[in-house]
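So the chains spell out like this:
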Amino acid sequence: MTYRGKLRLGVNIDHVATVRNARGSAWPDPLRAAILAEASGADGITAHLREDRRHIRDADMEALRAGIGIPLNFECAATEEMQSIVLRLLPHACCLVPERREERTTEGGLDVAGDEARLRAFVAPLREAGIRVSMFIGHDPRQIEASARIGAAVVELHTGHYSDLHAEGQQGEAEAELTALARGAARAAALGLEVHAGHGLTYENVEPVAAIPELMELNIGHFLIGEAIFRGLGPAIEEMRRRMDVARGS
Ligand code: PXP
């Protein structure tokens, strides 16, 4: 299925919590950012509860679940602890990501093909609870096919490598990566998966990704929270929305 409607924008508010935690105070408040994002055209809010709680904390997730009117995408590692929190909070969606304590951000995609039995068992109760489960993976067809087999509703394709190549000015390599992402999106959609993408997206690199017709949602965080310092969060989101719409011809 090719999605020709409006591309949804999920705003990741993790780094509002990063700034708050730098001072151990109560502000800036991630929930306030989420409510402002909603008012500025975000279609969903993503937050990542990491095992080390370096930014978003349990209380933030509770506040987001209760306080926003748009879908909450709960991002986490596939651990028993996270599964029980997700099943208690019942967010709209749960995006499973790999997590390494020493990494600065989510560096690669999840190895669904190499951990199929465990992930199938992990996903089943979430599905039964009505949560849309998403796998954050690279564009490798093996990972896409394994995600479909284990019962995920969504795959989110990792755009970090494309973003890095684009930032380094490696035009040819960035285009090749984009082609691979587009091929991955088409394969995933053909298998009946809803396709999202995200990581490292900015005003400069978002349009070619947003133009991939199978994509239904982009999740963008770090750049938007940084840009909010200069133009305010609302205008930063509105400009991203505008560029996504330009790419979609809508
Ligand atoms: N999608 C997923 C699954 C992520 O882990 C992240 C980073 O937390 C993002 C999207 C957003 O990436 P960025 O903060 O680089 O925009």
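Scroll up to find the structure.
Position labels on residues start from 1 in each chain and follow its written sequence. Totals for whole chains, interfaces and linings use all residues, but because this is a predicted model, local features are given only for residues with pLDDT of at least 70 and pairs of side-chain atoms are given and counted only at 80 or more. By convention in this description, side-chain values take in all heavy atoms of the structure and omit both hydrogens and water.

1. Here we look at the environment of A77
- Tracing the backbone shows A77 in the loop between β3 (72-76) and α4 (80-89).
- Between the C-alpha atoms of A77 and A188, which are 111 residues apart in sequence, the distance is 22 Å.
- Between two residues, a contact is recorded if the distance between any of their heavy atoms is within 4.5 Å. Ignoring anything within four residues of it in the chain, the contact list for A77 reads M82, L96, V97, E99 and F122. A run of H or I in DSSP counts as a helix once it spans at least four residues, and a run of E counts as a strand once it spans at least two, with each numbered from the N terminus.

2. A look at the site of the ligand
- Proximity criterion: a residue is near a molecule or strand once any of its heavy atoms comes within 4 Å of it. What surrounds the ligand is a group of 14 residues, the closest being E75, E156, G200, G221 and H222.
- For the purposes of these results, a polar contact is taken to be a pair of N or O atoms within 3.5 Å, where, inside protein, one atom must be able to donate a hydrogen and its partner to accept one; residues adjacent in sequence count only when each atom of the pair is a side-chain atom. A distance of 2.8 Å separates an oxygen atom of the ligand from a polar atom in the backbone of G221.
- The method behind every accessible area is Shrake-Rupley, applied with a 1.4 Å probe, and residues are considered shielded solely by the protein chains displayed. Coverage of the ligand by the protein amounts to 94% of the 400 Å² it exposes when considered alone.
- Throughout this entry, Asp, Glu, Lys and Arg are counted as charged residues, while Ala, Val, Leu, Ile, Met, Phe, Trp, Tyr, Cys and Pro are counted as nonpolar. The remaining residues, Gly among them, count as polar. Counted by class, the shell around the ligand contains four nonpolar, seven polar and three charged residues.

3. Quick notes on the pairing of strand β7 (residues 194-198)
- The classification of residues rests on relative accessible area computed with a 1.4 Å probe and restricted to protein chains. Under 20% of the type maximum is buried, over 50% is exposed, and intermediate values are partly exposed. Burial analysis of β7 places five of its five residues in the buried class, the great majority of the element.
- Going residue by residue along β7, you find E194, H196 and G198 tucked away on one face and V195 and A197 tucked away on the opposite face as well.
- Sheet topology note: the strand β6 (residues 154-158)/β7 ladder contains five bridges and is parallel. Opposite H158, over in β7, you have G198 as the bridge partner. The pairing criterion is simple: DSSP has to find at least two bridges between the two strands.

4. Things to note about the state of the cysteines
- The criterion for a disulfide is a pair of cysteine sulfur atoms lying within 2.5 Å. On inspection of all chains with the given rule, the structure shows zero disulfides.
- Cysteine C76 is unpaired, with the sulfur of C94 as its nearest cysteine sulfur at 3.8 Å.
- For C94, a relative accessible area of 0% corresponds to the buried category.

5. Overview of helix α3 (residues 58-67)
- Along α3, the residues classified as buried are D60, M61 and L64. With its buried residues spanning 100 degrees around the axis, α3 presents them on a single face. Facing away from the buried side of α3, by more than 90 degrees, are the exposed residues A59 and A66.
- On its buried side, α3 packs onto α1 (14-23), α2 (30-39), β2 (44-48), β3 and α4. Note: the arc covers the axis-to-C-beta directions of the helix.

6. Quick word on helix α6 (residues 141-149)
- What α6 keeps buried is the set Q143, I144, A146 and S147. One side of α6 holds all its buried residues, which, seen down the axis, span an arc of 165 degrees.
- Lining the buried residues of α6 we find α5 (116-128), β5 (132-137), β6 and α8 (171-190).
- With a side-chain oxygen positioned 2.9 Å from the backbone nitrogen of R142, the residue opening α6 is D140.
- Backbone geometry just downstream of α6 places G151 in the positive-phi region, at approximately 95 degrees.

7. What to know about the pairing of strand β1 (residues 8-12)
- Burial analysis of β1 places four of its five residues in the buried class, the great majority of the element.
- Sheet topology note: the β1/strand β8 (residues 215-220) ladder contains four bridges and is parallel. Looking across to β8, one finds that V11 is bridged to I220.

8. Remarks on the layout of surface pockets
- Residues are said to line a cavity or pocket when one of their atoms sits within 4 Å of a point; the points come from a 1 Å grid over protein atoms alone, cavities being sets where a 1.4 Å probe fits but cannot get out and pockets being open sets with protein on both sides within 12 Å along at least five of seven lines. Grid points are joined across faces, edges and corners, and a volume is the space filled by probe spheres set on the points. Computed from the structure, the second largest pocket encloses a volume of approximately 320 Å³.
- What lines the second largest pocket is a set of 15 residues, and nearest its centre among them are V16, P28, A33, I225 and A228.
- Residues that form the lining of the second largest pocket fall into these classes: ten nonpolar, three polar and two charged.

Remember that the coordinates give geometry; whether it matters functionally is a separate question.
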